[in-house]
Amino acid sequence: MSHILIVEDEPVIRGALRKLLERHDHSVAEAESVEQANDQGLTQYDLIISDLRLPGEPGTALIEVARPVPVLIMTSYASLRSAVDAMREGAVDYIPKPFDHDEMLMAVERVLKEGRINRGNQVLRRDLERTYPVHSMIGECDPMRDLKHRISRVGPTETPVLILGEAGTGKELTARALHDHSDRASAPLVTVHCAALPKALQLEELFGSEEQPGRIEEADGGTLFLDEVGELDPEVQSRLLTLLEQGVIHRQDSLSPRRVDVRVIASSQVDLPARVSDGGFRHDLYYRLNVMELELPPLREREEDIEELAKTLLERSREKMRRGELYFTEEALSAMQRYAWPGNVRELENVIERAVILTEEDGIGPAQLGLNPNRTPQRLSRASLDPSEDLSLEDYFTRFVMENQDNMTETELAQKLGISRKSLWERRQRLGIQRPKRSGRR
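Residues numbered from 1 in each chain as written. Predicted model: local features only at pLDDT ≥ 70, side-chain atom pairs only at ≥ 80, totals over all residues. Heavy atoms only, no water.

So, about the sheet that holds strand β5 (residues 93-96). Working definition: the strands of a sheet are paired by backbone hydrogen bonds and lie parallel or antiparallel to each other. Spatially, five strands are ordered β2-β1-β3-β4-β5 in an open sheet, and the strand pairing comes out parallel. Unpaired on one side and paired on the other, β2 (27-31) and β5 mark the two borders of the sheet. Taking each pair of neighbouring strands and ignoring which way they run, the sheet shows an average axis angle of 20 degrees. Note that strand β1 (residues 3-7) and strand β3 (residues 47-51) share four bridges and pair parallel. Bridge pairing in β3 links L5 to I48. Helix-sheet contacts for helix α1 (residues 11-23) involve β1, β2, β3 and β4 (71-75), and the interaxial angle to β2 is about 165 degrees. (Pairing = 2+ DSSP bridges. Helix = DSSP H or I, 4+ residues; strand = E, 2+ residues; numbered from the N terminus. Axes fitted to C-alpha atoms, helices over the stretch in contact; angles between N-to-C directions. Contact = heavy atoms within 4.5 Å.)

Our focus in this paragraph is the nonpolar core. Counting residues in hydrophobic clusters, the biggest one holds 32 residues, and the most contacted among them are V192, L206, I216, L226, V229, L232 and L243. Top contributing element to this core by residue count: helix α10 (residues 234-246), with four residues. Those residues in contact with L232 that sit more than four places away from it in its chain are C194, K199, Q202, L206, L226, Q237 and L240. Counting 23 residues, the second largest nonpolar core, distinct from the first, contains I138, L313, L348 and A355. (Core = buried A, V, L, I, M, F, W, Y, C linked by side-chain atoms within 4.5 Å. Buried < 20%, exposed > 50% of the residue type's maximum accessible area, 1.4 Å probe, protein only.)

The subject of this paragraph is the packing of aromatic side chains. Each aromatic ring pair is described using two quantities: the centre-to-centre distance and the angle formed by the ring planes. One pass over the full model with this rule turns up two aromatic pairs. Between Y286 and Y287, the aromatic rings sit 5.2 Å apart at their centres with planes inclined by 65 degrees, giving edge-to-face as the arrangement. Take Y286: its relative accessible area is 10%, and that puts it in the buried class. Owing to a relative accessible area of 57%, Y287 belongs among the exposed residues under this scheme. Centroid distance Y339 to W341: 4.7 Å. Interplanar angle 85 degrees. Geometry classified as edge-to-face. The residue whose ring lies beneath R239 is F207, and the NZ or CZ to ring-centre distance is 5.7 Å. (Phe/Tyr/Trp six-rings, centres within 6.5 Å; stacked < 30°, edge-to-face > 60°. Lys NZ or Arg CZ within 6 Å of the ring centre and 35° of its normal.)

Turning next to the sheet that holds strand β8 (residues 223-227). Within the open sheet, the five strands sit side by side as β7-β8-β11-β6-β12. Their pairing is parallel. What marks the edges here is a single partner per strand, and that holds for β7 (189-193) and β12 (292-295). With direction set aside, neighbouring strand axes in the sheet form an average angle of 20 degrees. Pairing geometry for strand β6 (residues 161-164) and strand β11 (residues 263-268), over four bridges, is parallel. Bridge pairing in β11 places L162 opposite A266. Lying on the sheet, helix α6 (residues 142-154) is in contact with β6, β11 and β12; it crosses β12 at an angle near 155 degrees.

Here we take up the side chain of E8. Examined against the element boundaries, E8 turns out to sit in the loop between β1 and α1. Overall, the relative accessible area of 0% leaves E8 in the buried class. Here E10 takes part through its backbone nitrogen, which lies 2.8 Å from a polar atom of the side chain of E8. The residues touching E8, leaving out its near neighbours within four places in the chain, are I13, R14, A31, E32, D51, L54, M74 and K97. (Polar contact = N/O pair within 3.5 Å; in protein donor to acceptor, adjacent residues only side chain to side chain.)

Written as structure tokens, this is what we have:
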């Protein structure tokens with residue numbers, strides 16, 4: 001049960017709203033003015049609904065003193081200016097009076113849901129920051145400095161951003177940094193891994209159904225991050241364009257438009273202009289998404305950052321595995337700096353975690369890392385596979401996928417390999433293993 005405070009000087013309106021909310025299982029308290037509301041102790045509530053114009057101070061005066069409790073503003077002056085002014089001062093939303101009951105209930109449920117998500121995100125964020133400084137974007141090489149500068153400039157804007165880079169370079173962390181540098185930082189950041197979504201489920205997952213909102217509505221007021229946007233179905237691309245141009249969506253099998261306020265950030269490791277040229281991606285959507293482009297440097301171009309990254313990741317893995325103090329030998333650091341890192345930071349993280357598991361001493365050397373700087377991943381043909389060979393992880397992956405992809409779905413392959421569909425897709429891209437063309441099963 002949610003605890004809501006209504007601040008309204010008109011008794012009739014206050015009473016009607018109280019009855020409406022109580023019928024939907026909310027606990028409700030009342031106040032006639034900002035002063036009276038302050039006397040009740042604002043932080044005990046999950047939501048404050050306040051009229052904009054009150055005797056004495058305006059309803060927006062509650063926004064700062066009530067933080068982090070959200071304030072929903074009601075106004076009889078339903079002009080764009082009054083709404084914008086209230087939102088600029090920090091209101092989560094506004095409702096024109098006389099209010100529609102369904103519209104009011106939808107706004108209340110959305111704000112309460114976002115509050116629950118944000119509280120969960122704050123706990124998660126504190127935990128992440130304690131174990132691994134993901135938001136500091138480790139690295140001081142020239143490409144990373146340029147990237148950080150661009151994030152600081154574009155982050156506070158509403159501009160769509162397209163993040164480009166190889167698998168494992170940190171596209172999701174970059175989206176998080178953009179979100180955290182924006183005015184939407186206290187609202188949800190919703191990430192959708194497009195490559196992991198079967199085509200048949202993309203529309204419902206993103207736009208929702210009559211019974212349930214989709215991921216876009218979950219991001220209302222915040223940021224929507226579309227990872228590997230080039231994998232979206234053409235119909236999904238068309239609807240996404242409507243969202244970017246008009247700010248509205250339609251749920252599946254619904255003719256009613258729904259206004260949604262989201263900032264869209266997208267990423268891709270495939271050549272989107274090539275997809276546009278061959279008709280696989282809409283050119284108008286590409287230009288809508290690519291207002292600002294951020295290209296992430298691969299780890300092989302960040303040699304001076306590798307030592308700092310490796311030591312930070314070692315500390316994270318050490319704590320995760322509950323190991324004592326560990327360190328890299330000079331030989332291990334040299335081996336990491338000579339290696340090409342085709343899997344980028346994600347591969348570095350996996351190598352270090354494996355080394356923490358395997359090492360029986362305090363010092364981690366090249367043997368525990370298992371790197372061969374002279375080796376490049378092989379593109380194996382079916383005829384070259386020999387079960388008696390001492391295969392590397394890349395070779396084993398290639399062999400397993402090529403032998404089983406004709407009779408297994410992508411989900412089944414991922415489950416057998418113990419990875420996600422997204423990881424399966426990324427490894428296919430990196431190792432040059434194309435999915436077989438077939439209809440029906442996916």
